[in-house]
Amino acid sequence: MSLSNRHLLGLYGVPKEDLQLILDTARTFREVLERPIKRVPTLQGKTIVNLFYENSTRTRISFELAQKRLSADTVNFSAGISSAKKGETFKDTVRNIEAMKVDMIVVRHQSAGVPIYLTRISKANIINAGDGLHEHPTQGLLDMYSIKEKYGKLEGLNICIVGDVAHSRVALSNIYGLKTMGANVSVCGPATMIPMDIDLLGVKVYSNIDAAIANNDVLNVLRIQLERDAGKRIPSVREYHKYFGITSERLEKHNKDILILHPGPINRGVELSSEVADGPYQVILNQVTNGVAVRMAVLYLLGTMNL
Amino acid sequence: MKIILKQINLLNPEQNLNKKDDLLIENGVIKQIGGLKETDFKSSVVYEFENKFCSPGFLDMHVHLREPGREDEETVETGTNAAAAGGFTGVACMPNTTPDIDSAEIVRFIKEKAAGRLVDVYPVACATLHRKGDSLSPMYELFEAGAVAFSDDGVAIKTAGVLRNAFEYSRNFGTAIIEHCEEESLADGSMNESLTSTILGLPAIPNVAEDLIVARDLMMAEFTGGKIHIAHISSKNAVDFVRQAKKKGIKVTAEVTPHHFTLSDESLKSFDTNYKMNPPLRTRDDVEAVIEGLKDGTIDCIASDHAPHSIEEKEMEFIFAPNGILGLETELGLAVTELVNKKHISLSQLVGKFAINPRKILNLQVPQINPGEIANLTIFDPELIWTVDVSKFKSKSKNSPFDMRLLTGKSVAVINNHKMFFEDRFFDI
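Residues numbered from 1 in each chain as written. Chains lettered and ligands numbered in written order. Predicted model: local features only at pLDDT ≥ 70, side-chain atom pairs only at ≥ 80, totals over all residues.

## Quick look at the environment of Thr198(B)
Phase 1 of the analysis: With respect to the helices and strands, Thr198(B) occurs in helix 6 (residues 195-200).
Phase 2 of the analysis: You can call Thr198(B) buried: it has 23 C-beta atoms within 10 Å.
Phase 3 of the analysis: Spatially, the C-alpha atom of Thr198(B) lies 30 Å from that of Ile157(B), the residues being 41 residues apart in sequence.
Phase 4 of the analysis: When residues no more than four places from it in sequence are discounted, the contact partners of Thr198(B) are Pro195(A), Met196(A), Asp197(A) and Ile198(A). (Helix = DSSP H or I, 4+ residues; strand = E, 2+ residues; numbered from the N terminus. Buried ≥ 20, exposed ≤ 12 C-beta atoms within 10 Å, placed from the backbone. Contact = placed C-beta atoms within 7 Å.)

## Remarks on the interface of chain A and chain B
Phase 1 of the analysis: Facing the 24 residues of chain A at the interface are 17 residues of chain B.
Phase 2 of the analysis: Of all the secondary-structure elements, those providing two or more residues to the side of chain A that touches chain B are helix 4 (90-99), helix 5 (114-121) and helix 7 (169-180) of chain A.
Phase 3 of the analysis: The element contributing the most residues to the side of chain A that touches chain B is helix 5 of chain A, with 3 residues.
Phase 4 of the analysis: A per-class count over the side of chain A that touches chain B returns 13 nonpolar, 7 polar and 4 charged. (Nonpolar A, V, L, I, M, F, W, Y, C, P; charged D, E, K, R; others polar.)

## Details of the domain arrangement of chain B
All names here are of chain B.
Phase 1 of the analysis: For chain B, the domain assignment lists domain 1 (2-54 + 370-428) and domain 2 (57-361).
Phase 2 of the analysis: In this assembly, 34 residues from domain 1 lie in contact with 45 residues from domain 2.
Phase 3 of the analysis: The set of elements that each furnish at least two residues to the side of domain 1 that touches domain 2 consists of strand 1 (2-12), strand 16 (377-387), strand 17 (406-416) and strand 18 (419-422).
Phase 4 of the analysis: When residues of the side of domain 1 that touches domain 2 are assigned to their parent elements, the largest contribution, 7 residues, is made by strand 17.
Phase 5 of the analysis: Here the residues of the side of domain 1 that touches domain 2 sort into 15 nonpolar, 13 polar and 6 charged. (Domains from an automatic or database assignment.)

## Some thoughts on the sheet that holds strand 6 (residues 184-188) of chain A
Residue and element names in this part refer to chain A.
Phase 1 of the analysis: In space, the 5 strands of this open sheet follow the order 7-6-5-8-9, with parallel pairing throughout. Each having just a single partner strand, strand 7 (204-206) and strand 9 (259-261) make up the two edges of the open sheet. The mean angle between the axes of side-by-side strands here comes to 25°, regardless of whether they run parallel or antiparallel.
Phase 2 of the analysis: Examined bridge by bridge, strand 6 and strand 7 share 3 bridges and lie parallel to one another. Opposite valine 187, over in strand 7, you have valine 205 as the bridge partner.
Phase 3 of the analysis: On the sheet, helix 6 (residues 137-151) packs against strand 5 (158-162), strand 8 (218-221) and strand 9 and is oriented at approximately 160° with respect to strand 9. (Pairing = 2+ DSSP bridges. Axes fitted to C-alpha atoms, helices over the stretch in contact; angles between N-to-C directions.)

## Quick look at the domain arrangement of chain A
Residue and element names in this part refer to chain A.
Phase 1 of the analysis: Structurally, chain A comprises domain 1 (16-135 + 288-303) and domain 2 (137-287).
Phase 2 of the analysis: Contacts between domain 1 and domain 2 engage 21 residues on the former and 20 residues on the latter.
Phase 3 of the analysis: Of all the secondary structure elements, the ones that give two or more residues to the side of domain 1 that touches domain 2 are helix 1 (16-32), strand 4 (125-131) and helix 12 (284-303).
Phase 4 of the analysis: Across the side of domain 1 that touches domain 2, the residue classes break down as 9 nonpolar, 7 polar and 5 charged.

As structure tokens, then:
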């Protein structure tokens, strides 16, 4: 079994078989992570560059750990500022890196579309680690893995993405991946945070958080990204918390089993109350562990394709 | 020198001229139409242009020649060469150069650079100093130096107050204000806001950013009695606003670019920066609306917004790449392919939108096909099928999304200012 595309640019249009293969492979690696020696020789001799044009701690560390556990050689390239401002063009940077004979590039960039652009200028396998407000496919996959871990399936589940959907790459990857797997996906947030025509993607829109809680099995709660001007789209984080924050009172009112996901880092007291963030419904730290397993699966499947 | 365009379809709706005949040009002046003698043929260079069309020379009223300031991207010379190759005998160039065209000196500089060429260059000058929207440019001086209209192109004139003054002050010399209609507070994006921008996760500009300024400008034109020309109209509502305004008698005209009647924002799925322009490519609904506007005359003319950019600037991460694409060398082909061949407009309307209306908007005389007139002509073949090849462009830049596209309709030759461009070269006639 192998994937149908040699890059992972997003979950848009990725066939169900591919998603299933990644999730199944991730389960194997999840077991490896529980062993005393967490390293396998699968990608020995492969060189992977982590090309990060935007600050990221957890995604970069997660990818790096996944690469090390697969015995790949990894190099980190972090550009604090955009290539446009630095003088060297992005293309020249990539060509320089490519000249050092790399097999795979994991890229994060503030502009949507950079991973696709990379496939046109590089021969390496490209993995999107987040491009602008477009996609973050490995986050989508680890969310799917975490939901499946709890419910044993994805098909037929009701999953709501809560928060600044319009300015989230996590939301789109979740929507595309989950819908392909047969889940019912909805979004909930103030209208300033819901992107235009999202309903045309077959996504239900909730404006009331209680209704969203009542009708869903999973809430994937997005971070309110004040660093991305989220403050312009809501009057205050206090008001956001009051009307859209997930609190124990809100959850208990419905007295039902519900799974809370959060891509991190959490703003405690904003999108989640501390009680919920540490409470019985959430699997936030488990998501982080699953993230390493899912990224190992993606790296393994892409890295061994050309053999 | 005498030349004869043999059995050519002479087409000028302005003169109700639509017939096939021989056209004799002597020393760049139209000498005779039809009734030519054997001796005329013997003493002339004869061009076998049967099945080709000959109309007043086309004029593109919205091009960026980049000179002064960005001569690495385009110059008056390369831009006018591209115009000639595309079938144009005139261009109006926009003032967002470096420095801006906001002094008589810069207008004269451009006129000097353009002197002696086949293609006439008509500078559009800034409406406000440095296009900043605060104080009026020296409009009267600019007009006297040769500016044919005023615009802060790249942005709209910032406030209704300044726009009012620009309309009123320019009334004395009757020029139009050309507006790039976009509300700045809604314009922070890389593409049109739609389902496609939602899917692509690109920051987006909604239609209403254009609609708002079109509405404001129409109201201000009505209030002041000024002449407003809407540049590169792209949204459905804006077309409708202009349609209603024309019915009310407001002095408004509008242009559309070939890319806005050809492409929709779905093209951006490739993340190719050659589809990044401002106004952004809109939805299919908007494309249909601008075509409808062209059909019913709401949109008066086709202009390319020819915007050369260097390869290193355009080949960039999407959100950092500059807006704009080349237009001069593909627009006739796109207009024939997308408008005439799809039966939206006739060839006669095409000539109106390329040759006649732009000149009327800029208060320029429309060339006539009559004995005694200086020959200012575009000769084109609406049936010629060709493949766009940017490497053969006369333009100094290469940023076109239409590379390798199959088009029908191409210019064969242009004649103006006692010069002819034919088979890839200029020569005196």
